[in-house]
Amino acid sequence: MACNAGPMRRLTSLLVLKLEQRGAATRLLARRRQSDYASKAAQALVASNTIMSPEQSLYRESETRNLLSHFGGGHIHLEKDENSGIARLLIEHEGKKNAFSGSMILQLADHVAELSKWKDGRAVIIRGANGDFCTGADLNFVQKIATPVLGAKMSIFMGSVLAKLHQLPLITVAHVEGYALGGGAELLSACDFRAVSTTANIGFVHGRLGVSPGWGGGTHLTQLVGWRTALRLMASAQVLDANECLRLGLADFVFSNDSEVSAWFEQFTKTSAQSVRAAKRIVLNAQECDYSESLNRERDVFAELWGGQRHLQALQKLAGSK
Ligand SMILES: CCCC(=O)SCCNC(=O)CCNC(=O)[C@H](O)C(C)(C)COP(=O)(O)OP(=O)(O)OC[C@H]1O[C@@H](n2cnc3c(N)ncnc32)[C@H](O)[C@@H]1OP(=O)(O)O
């Protein structure tokens, strides 16, 4: 369990802030065409007491799921290998360089939920189809939800998905080739490790669209590269190649072909899945909890493994080899 309800609470307060801008949102919506689905949905939300009253429930996941389901295209495939404990997530949106549609966001949410329950999972590798990682949100879909209220809902939902991805009890690796822009850069920055191809172009280019990261990517980037570099990258919308990413700490490994990345990944298969998962829990606690709570939790993790079947078997094997 997380030490605090951090990500969701921060996202919810974002929605509260947006709701305070209700007058502006309503005026903006009034200018939109009645026939536009997103505009109608937004008007319904603005008119609804439940979404507009801070005293009442502000965010309904089911409403956001319903909204996102209207924007289809592309697919996220999940493949789990029970023997190795390694899963693969493939992002595929043909003709759109794997940009996220609404339905792809929902699929990612469901896959992350499934992975969170996978007791024997060791790692998940995330990759884009056809030579690109992901170019963020599908711009056609973005255009249709370009209102403060709908943007807040989408940001809460996808921000929570990427926070859950970040907190998975297994190792997350982004296998990055080609373009990883906007929300695509946010997705890779939520992972534990980034193996980056020499073909990669990675950029927090949100500023070119007059916005900023909204899926937690600004926070994850800051944790990875420090606040000054993160500020520079977001404020300039600079697109980086693999070697620049490596120099800044945004890449862990640079590769030029698949066999190199497979060889690099081998390091995560040398210990038991339980030990890998324990290590992940320990580093998450160290990030999220205060010092003494993190130490307490580390002891709990240790106690779950010490004297267990795998520990005893390993001891026996070592003793036998002496
Ligand atoms: C909180 C999340 C915020 C966000 O993620 S906002 C989205 C941020 N992403 C972007 O701004 C990327 C926009 N795309 C681009 O700049 C360029 O397409 C890119 C990736 C540099 C590639 O340039 P080129 O190699 O010249 O190729 P191209 O532009 O002809 O693209 C090929 C086809 O892919 C499409 N595409 C690429 N990125 C897309 C996107 N995000 N949403 C929707 N469609 C997208 C592009 O429109 C083009 O389609 P078509 O062939 O013209 O039908």
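Heads up: these notes are all about the structure in this document. Source: prediction; values computed, not measured.

This paragraph deals with the sheet that holds strand β4 (residues 171-176). Strand order across the open sheet formed by 6 strands is β1-β2-β3-β4-β6-β9, with mixed pairing between neighbours. Each edge of the open sheet is held by one strand with a lone partner, namely β1 (75-81) and β9 (253-255). Taken over all neighbouring pairs, the strand axes of this sheet differ in orientation by 20° on average, direction set aside. The pairing of β4 with strand β6 (residues 193-197) spans 4 bridges and is classified as parallel. The residue of β6 that forms the bridge with Val173 is Phe193.

In the region of the ligand, 17 residues are neighbours, and Gly95, Thr135, Ala137, Leu139 and Gly183 sit closest. In the environment of the ligand, an oxygen atom lies 2.9 Å from a nitrogen or oxygen atom belonging to the backbone of Gly183. Burial of the ligand by the protein chains amounts to 59% of its free accessible area of 960 Å². Elements with a minimum of two residues in the shell around the ligand: β5 (179-181) and α9 (183-189). Across the shell around the ligand, the residue classes tally to 7 nonpolar, 6 polar and 4 charged.

A word on the sheet that holds strand β7 (residues 201-203). Sheet architecture is open: 3 strands sit in the order β5-β7-β8, paired in mixed fashion. Among the strands making up the open sheet, the edge pair consists of β5 and β8 (239-240). Pairing of β7 with β8, which is carried by 2 bridges, proceeds in the antiparallel orientation. Considered in β8, the bridge of Gly203 is made with Val239.

In this section: the environment of Cys245. Take Cys245: it is sitting in helix α12 (residues 242-248). Sequence separation between Cys245 and Val211 is 34 residues, and the spatial gap between their C-alpha atoms is 22 Å. When sequence neighbours within four positions are dropped, the list of residues in contact with Cys245 reads Ile202, Leu240, Leu250 and Ala251.

What follows deals with the nonpolar core. Counting residues in hydrophobic clusters, the biggest one holds 57 residues, and the most contacted among them are Phe100, Leu108, Phe133, Leu165, Val176, Leu187 and Ile202. Ignoring any residue separated from it by four or fewer positions in sequence, one finds Val176 in contact with Phe133, Leu188, Ala195, Val196, Ser197, Ala200, Ile202 and Phe255. Core analysis: the next-biggest nonpolar cluster, separate from the first, contains 12 residues, Ala123, Ile125, Ile171 and Val261 among them.

The next thing to look at is a negative patch on the surface. Taken together, the side chains of Glu79, Asp81, Glu82 and Asp120 present a region of like negative charge at the surface. Topologically, Asp81 is positioned in strand β1. Taking relative accessible area as the criterion, Asp81 reaches 35% and is therefore assigned partly exposed.

Per the counting criterion, the structure on display carries 8 aromatic pairs. Ring geometry for Trp264 against Phe268: centres 5.6 Å apart, planes inclined by 85°, an arrangement best described as edge-to-face. With respect to burial, Trp264 and Phe268 carry one shared label: buried. Joined through ring pairs, the aromatic side chains of Phe193, Phe253, Trp264, Phe265 and Phe268 make up one cluster.

If you want to describe how two helices pack, look at the angle between their axes and the distance between the axes. Viewed as axis vectors pointing N to C, helix α5 (residues 61-69) and helix α8 (residues 148-166) meet at an angle of 105°, and their least axial separation amounts to 10 Å. As judged from the angle between their axes, α5 and α8 are roughly perpendicular. The segment α5 lies against α8, with Glu61, Glu63, Thr64, Arg65, Leu67 and Leu68 engaging Leu150, Lys153, Met154 and Phe157. When the residues that make up the contact of α5 with α8 are grouped by side-chain class, the tally is 5 nonpolar, 1 polar and 4 charged.

The next subject is the pairing of strand β3 (residues 123-128). When you tally the buried positions in β3, you get 5 out of 6 residues, the bulk of the element. Here strand β2 (residues 86-92) pairs with β3 via 6 bridges, running parallel. Paired with Arg88 across the strands is Ile125, a residue of β3. Crossover handedness for the path β2 to helix α6 (residues 102-116) to β3: right-handed. Pairing of β3 with β4 involves 5 bridges; the strand directions are parallel. Looking across to β4, one finds that Ala123 is bridged to Ile171.

On to unusual backbone geometry. Non-glycine residue Asn130 carries a positive phi angle of around 55°. The topology assignment puts Asn130 in the loop between β3 and α7 (139-144). By relative accessible area, which is 64% here, Asn130 ends up exposed. With a phi close to 55°, Ala237 is a non-glycine residue in the positive phi region.

Cut-off values and rules
- Residues numbered from 1 in each chain as written.
- Predicted model: local features only at pLDDT ≥ 70, side-chain atom pairs only at ≥ 80, totals over all residues.
- Heavy atoms only, no water.
- Pairing = 2+ DSSP bridges.
- Helix = DSSP H or I, 4+ residues; strand = E, 2+ residues; numbered from the N terminus.
- Axes fitted to C-alpha atoms, helices over the stretch in contact; angles between N-to-C directions.
- Near = heavy atom within 4 Å.
- Polar contact = N/O pair within 3.5 Å; in protein donor to acceptor, adjacent residues only side chain to side chain.
- Areas by Shrake-Rupley, 256 points an atom, 1.4 Å probe, with all protein chains shown as cover.
- Nonpolar A, V, L, I, M, F, W, Y, C, P; charged D, E, K, R; others polar.
- Contact = heavy atoms within 4.5 Å.
- Core = buried A, V, L, I, M, F, W, Y, C linked by side-chain atoms within 4.5 Å.
- Buried < 20%, exposed > 50% of the residue type's maximum accessible area, 1.4 Å probe, protein only.
- Patch = residues over 30% accessible without salt bridge, like charges linked within 9 Å, V, L, I, M, F, W, Y side chains within 5 Å.
- Salt bridge = Lys/Arg side-chain N within 4 Å of Asp/Glu carboxyl O.
- Lys, Arg positive; Asp, Glu negative; His and termini not counted.
- Charge placed at Lys NZ, Arg CZ, Asp CG, Glu CD.
- Phe/Tyr/Trp six-rings, centres within 6.5 Å; stacked < 30°, edge-to-face > 60°.
- Parallel < 35°, antiparallel > 145°, perpendicular 65-115°, else oblique.
- Right-handed = clockwise from strand over helix to strand, strands pointing away.

It is worth stressing that arrangement in space is one thing and function is another; only the former is reported here.
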